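Residue-level structure breakdown
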Amino acid sequence: MSTYFPQISAPIAYEGPKSANPLAFRWYDANRVVRGKTMAEHFRFSVAFWHTFKGSGADMFGPAAWTREWNTGSPMQMAEQALRANFEFCQKLGAPYYCFHDRDIAPEGATFAESCKNLDAIVAQAKALQQETGVKLLWGTANLFSNPRYTHGAGTNPDVHAFAYAAAQVKHALEATHELGGQNYVFWGGREGYETLLNTDYKQEQEQFARFLQLAVDHKKKIGFTGQFLIEPKPKEPTKHQYDFDTATVLSFLRAHGLFEHFKINIEANHATLAGHTFEHELTVAAAEGKLGSIDANQGDVLLGWDTDQFPSDLYATAAAMTVVLQQPGGIGSGGFNFDAKCRRGSNDALDLFYAHIGGMDAFARGLLVADKLIEEKALSAFVAERYASWKSPLGQEILAGKSSSDALEAWVLEHGEPTPKSGRQEMLEIVRNDYLLG
Ligand code: XUL
Ligand code: CO
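Every value quoted in this text rests on a predicted model; they were computed, and no experiment measured them.

Cut-offs used in this document
- Residues numbered from 1 in each chain as written.
- Chains lettered and ligands numbered in written order.
- Predicted model: local features only at pLDDT ≥ 70, side-chain atom pairs only at ≥ 80, totals over all residues.
- Heavy atoms only, no water.
- Near = heavy atom within 4 Å.
- Polar contact = N/O pair within 3.5 Å; in protein donor to acceptor, adjacent residues only side chain to side chain.
- Nonpolar A, V, L, I, M, F, W, Y, C, P; charged D, E, K, R; others polar.
- Phe/Tyr/Trp six-rings, centres within 6.5 Å; stacked < 30°, edge-to-face > 60°.
- Helix = DSSP H or I, 4+ residues; strand = E, 2+ residues; numbered from the N terminus.
- Buried < 20%, exposed > 50% of the residue type's maximum accessible area, 1.4 Å probe, protein only.
- Lys NZ or Arg CZ within 6 Å of the ring centre and 35° of its normal.
- Donors = N, O, S within 2.8 Å, 3.2 Å for Na, K, Ca; no water.
- Tetrahedral: all angles 85-135°; square planar, octahedral: opposite > 155°, others 65-115°.
- Pairing = 2+ DSSP bridges.
- Axes fitted to C-alpha atoms, helices over the stretch in contact; angles between N-to-C directions.
- Contact = heavy atoms within 4.5 Å.

Remarks on the site of ligand 1
- Every residue near ligand 1 is listed here: Trp 50, His 101, Trp 139, Trp 188, Glu 232, Lys 234, Glu 268, His 271, Asp 296, Asp 307 and Asp 340.
- Here an oxygen atom of ligand 1 and a side-chain polar atom of Lys 234 are 2.9 Å apart.
- Classifying every residue of the shell around ligand 1 by side-chain character gives three nonpolar, two polar and six charged.

Side note on the packing of aromatic side chains
- Counted under the stated rule, the structure contains 35 aromatic pairs.
- When the centroid spacing of 6.3 Å and the interplanar angle of 65 degrees are considered together, the rings of Tyr 28 and Phe 43 count as edge-to-face. Within this pair, whereas Tyr 28 is found in the segment before β1 (33-34), its partner Phe 43 is found in helix α1 (residues 39-43), the two being separated by 15 residues in sequence.
- According to the relative accessible area criterion, Phe 43 is buried, its value standing at 0%.
- On the numbers, 6.0 Å between centres and 35 degrees between planes, the contact of Phe 311 with Phe 339 is tilted. One end of the pair, Phe 311, is in the loop between β11 (292-296) and α11 (315-327); the other, Phe 339, is in strand β12 (residues 337-339), and 28 residues separate them in sequence.
- Given a relative accessible area of 1%, Phe 339 falls into the buried group.
- For Lys 220, the ring lying beneath its charged end belongs to Phe 229, and the centroid distance is 5.0 Å.
- Looking at Arg 255, its charged tip hangs above the ring of Phe 260, at a distance of 4.2 Å from the centre.

Digging into the coordination of the cobalt ion (ligand 2)
- Around the cobalt ion (ligand 2), the protein contributes the donor atoms Glu 232 (OE), Glu 268 (OE), Asp 296 (OD) and Asp 340 (OD), at 1.9 to 2.2 Å from the metal centre.
- Relative to the metal, the six donor atoms surrounding the cobalt ion (ligand 2) lie at angles of 80 to 173 degrees, and the coordination shape comes out octahedral.
- Read from N- to C-terminus, the donor residues coordinating the cobalt ion (ligand 2) fall into the pattern E-x35-E-x27-D-x43-D. Placement of Glu 232 in strand β8 (residues 228-232) and of Asp 340 in the loop between β12 and α12 (350-376) is noted, with a sequence separation of 108 residues between them.

Digging into the sheet that holds β12
- Here we have eight strands rolled up into a closed barrel, ordered β3-β4-β5-β6-β8-β10-β11-β12, and parallel in their pairing. With strand direction ignored, the average angle separating the axes of adjacent strands in the sheet is 30 degrees.
- Note that β8 and strand β10 (residues 263-268) share three bridges and pair parallel. Following the sheet pairing, Ile 231 is matched in β10 by Ile 265.
- Against the sheet, helix α6 (residues 160-179) touches β5 (136-141), β6 (184-188) and β8, its axis set at about 150 degrees to β6.

A short note on unusual backbone geometry
- The omega angle of the peptide bond from Glu 237 to Pro 238 is 10 degrees, so this bond is cis rather than trans.
- Counting through the fold element by element, Pro 238 comes out in the loop between β8 and β9 (241-242).
- The backbone phi angle of Arg 35 is positive, close to 50 degrees, even though this residue is not glycine.
- With relative accessibility at 41%, the residue Arg 35 sits in the partly exposed group.
- At Asp 309, a position not held by glycine, the phi torsion is positive, near 50 degrees.
- Within the element layout of this structure, Asp 309 appears in the loop between β11 and α11.

Right, here's the structure in full:
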């Protein structure tokens, strides 16, 4: 295999917390067993093809700042080279998975048929490289937002022609994902939202979108794809209001349209913060319904109000996230931790891609170890259990079992008088959390 990363001659090794080598793992030890599973099994880390191999450092104030060696030549040459760079990178990093959009692994053609032909050719090569390297596909998806045909959305487009085009594109991307043994398929609502209600029939667009998802559910069954369907919420960007606003909104949309059983949620940390939530909040809402399907591992910047897609380094956030993941039965399941993250414009060296992913994997591995200890020693959960203890009383049990009534509760209050609020001990619990993080 040709080498695009000659600086890295051997796979990145685990050297432990005392290592001063930034090209080694300090915390991510793939074979270390935590709560009965290896770290590799807990995380199923994945590299995002679009950022890592197609990213150029471009932003709204300047064009591409880097040209990668693999992104030179004709569109199909670039696609083949980027694909090889992906497998070399994943192998050297020790990431067992990758994720792609149809249009980042293969170029769009002059017609729909030509785009499909390009994708099929690249999928055949990806299949061979997967077999050769053992690197697998975590999920595939369709890019339904870059081409101007999707200016007004895909599944929610007011023009049925654009809807049909998008449905055909999803069909093909789903078949490509199936062909590559993808373990999930993601729906992120690129331009499914509105810029102004002045020109928008909200109810119509909701109904269209449900039909759009149902078509994919039907096709999944038809081709025998057994991977998990995931929806990735995001509240804004590119449209000012995205319909898949947050986890609670998506779950209630799925319920209202008879789609609940077919989907889980792919939670992206920076999308959570854009929605005015924490990453931990979104994970908790999904896990409460057994719907935490996968994670797009990144982070935003508190001073910036957009989707900066930075590599995760915030240990508070990763420890909180892993506390939720570890407590969902089966953990992340068939999902994984996909680095939907890009190097800053100034980090222009291909080596920065390694530092970025190593840092992200270590941040989550450290979070896992903290979460494991917190759970094992019931450092927080003992207090939480005690806080809700009154619900175990006969009164609490009757209410929860639906055996109480407003009359019965009025009689009970008349007899027992005022409740006394007990301290929630927030500041004390923050001390405990810091002890575990820094200890
Ligand atoms: C966009 C985003 C996407 C999805 C896949 O904000 O996160 O890259 O993860 O379409
Ligand atoms: Co994402």
